Amino acid sequence: MRTVYILGAGFSKDAGLPLLDDFIGSIRTASTSSDLSEEERRWCTRVQSCRERMSRISDSFKVRLDNLEELFSLLEHEVQLAVAGAEEDRDALVLAIIRTLELRLESAYRRDTPMVTGRRLGTEAAARMKEMFGLEYAETAGSYLYHAFARAVGATWEDSKGESDSVVSFNYDLVLDRAFYEVGYQIDYGLDLASTPTAAPDRPRATQPIPFYKLHGSANWFRCSKCKDLFIAPPRLKMGAMEKSLLEFSRRAPCPNCKAEPVSGKEHEHAPHLPFIVPPTPTKGAYAVHLAGLWEKALGRLHHADRIVVIGYSYPETDSFFRYMLGASVRVGAGVKLVLVNPEETVCQRFRTLLNEEFARQHFVDVRTKHPVLAKGFDRESFIRLAEYLQR
């Protein structure tokens, strides 16, 4: 059974990361953190100023400016229209997004209680998790849910018979990237970057990397400010590093392609590298040159899937890319199951309107109907039930 998991922001909620409608507010909160440099604080301040400037649009049109995807999309359209200052606003938003994600994730890793809610698994549930995923449960291990998910996907590659699982994600964050690495799997991002392989774990569990296709870019992908090629940074900052953040380290690291290193005060100084993340606009424009190969590989995985499991993705109206991607890849009549893991009734209805009525009746599964725990979203308890359902 070849399973492709499609992940949205709800997948990372248990890691303490904000949902789309909460993200701009999270940037505002991050701007007060003592962990931010003055430069990072200026990014956040510029985002707030940009939001206020755009608030005049909401006087005439229905625009959710606190929703990350809507604000990002509006800024990208301004860049394409050559609006003065739009490119600087867009870049400030990109940098503020990545720094906010890193702050929230580091906070979750430092906490002494499980991520977000502090929920603790009972003895029976902990034993079930160990049986299913081969991992010892620690009450203070905030990343345990994501380690278990990484283990469930990666295990299909350890003794592969041509039915290995893969992941397609709309998320920028590094929650699952870190989990794969920490559990012992190397990642294949689908980018054709021979000069920049992803970091390999000390004791890899599988001989092949796990396909993990991040359709909108990633917090550890950077575009060189000189040669404009992409390179991949490690999923987390190495112990003993002088920099305070992975973002700071990666922006000023030597480009592995052209070897250029941003250095201040030199005659041929060039700007620090910029994280490579993509707004959810219908046309991806200049981003496509770097991502076309990745998108093609994701379509191939979806086309050959026996089951597609969507976790925490709400199918927002701004992202028509998803509708066309799914429609172009699913093998109609091949018995493909589409499984939705999302607690919101409105999201379920949105997916039903996406699907042909006959296909929805025979192949669409809303897991909220399978167990009460699955009606509350993606967390440790619901993942146990989901894994049990998928193993049937």
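Going by the structure above, here's the rest.
So, here's what we can say about the structure. (Residues numbered from 1 in each chain as written. Predicted model: local features only at pLDDT ≥ 70, side-chain atom pairs only at ≥ 80, totals over all residues. Heavy atoms only, no water.)

## Section: helix α1 (residues 23-30)
Part 1: Among the residues making up α1, those that are buried are F23, I24, S26, I27 and A30. One side of α1 holds all its buried residues, which, seen down the axis, span an arc of 155 degrees. (Buried < 20%, exposed > 50% of the residue type's maximum accessible area, 1.4 Å probe, protein only. Helix = DSSP H or I, 4+ residues; strand = E, 2+ residues; numbered from the N terminus. Arc of directions from axis to C-beta.)

## With respect to the sheet that holds strand β9 (residues 337-341)
Part 1: The sheet built from 7 strands is open, its strands ordered β3-β4-β2-β1-β8-β9-β10 with parallel pairing. At either end of the open sheet lies a strand with only one pairing partner, and these are β3 (187-188) and β10 (364-366).
Part 2: Here strand β1 (residues 3-7) pairs with strand β8 (residues 307-311) via 5 bridges, running parallel. Bridge assignment links L7 to a residue of β8, and that residue is I311. (Pairing = 2+ DSSP bridges.)

## Some words on the sheet that holds strand β7 (residues 274-277)
Part 1: Read across the sheet, 3 strands follow the order β6-β5-β7 without closing on themselves; strand pairing throughout is antiparallel. If you trace the sheet from one side to the other, it starts and ends with β6 (230-232) and β7, each paired once. Going across the sheet, the axis of each strand differs from the next one's by a mean of 50 degrees, ignoring polarity.
Part 2: Where strand β5 (residues 217-223) meets β7, 4 bridges bridge the pair, whose relative direction is antiparallel. In the sheet register, S218 faces β7, and the bridge partner there is F276.
Part 3: Contacts from helix α9 (residues 288-303) reach β5, β6 and β7, with the element oriented near 135 degrees to β5. (Axes fitted to C-alpha atoms, helices over the stretch in contact; angles between N-to-C directions. Contact = heavy atoms within 4.5 Å.)

## Focus on helix α11 (residues 345-354)
Every α-helical turn comprises 3.6 residues, leaving residues that sit three or four positions apart pointing alike.
Part 1: Considered for burial, the residues of α11 that qualify are V347, C348 and F351. Buried residues along α11 cover an arc of 100 degrees about the axis, so they all sit on one side. Exposed and facing more than 90 degrees away from the buried side of α11 are T346 and T353.
Part 2: In this fold, the buried residues of α11 make contact with β8, α10 (320-329), β9 and β10.

## Some words on the nonpolar core
Part 1: By size, the foremost hydrophobic cluster in this structure holds 110 residues, and its most contacted members are L93, I97, F149, L176, F180, I308 and I311.
Part 2: Ranked by the residues each element gives to this core, the list is headed by helix α4 (residues 86-110), at 9 residues.
Part 3: Beyond its immediate stretch of four places on either side in the chain, F149 contacts Y5, L7, F11, V167, L176, I311, F378 and F383. (Core = buried A, V, L, I, M, F, W, Y, C linked by side-chain atoms within 4.5 Å.)

## Quick look at empty space enclosed by the protein
Part 1: According to the stated counting rule, one finds 4 cavities of 30 Å³ or more in the structure shown.
Part 2: Approximately 90 Å³ is the volume found for the largest cavity.
Part 3: Surrounding the largest cavity, I98, L101, E102, L105, D173, L174, R178, A219, F222, L246 and L247 form its lining.
Part 4: Every element with two or more residues in the lining of the largest cavity is listed here: α4, β5 and α8 (246-251).
Part 5: When residues of the lining of the largest cavity are assigned to their parent elements, the largest contribution, 4 residues, is made by α4.
Part 6: For the lining of the largest cavity, the per-class residue count stands at 8 nonpolar, no polar and 3 charged.
Part 7: Approximately 70 Å³ is the volume attributed to the second largest cavity.
Part 8: Lining the second largest cavity, in full, are R90, D91, V94, R223, L274, P275, F276, I277 and Y287.
Part 9: Of all the secondary structure elements, the ones that give two or more residues to the lining of the second largest cavity are α4 and β7. (1 Å grid on protein atoms, 1.4 Å probe; cavity = no way out; pocket = protein on both sides within 12 Å on 5 of 7 lines; lining within 4 Å. Points joined across faces, edges and corners; volume = space filled by probe spheres on them. Nonpolar A, V, L, I, M, F, W, Y, C, P; charged D, E, K, R; others polar.)

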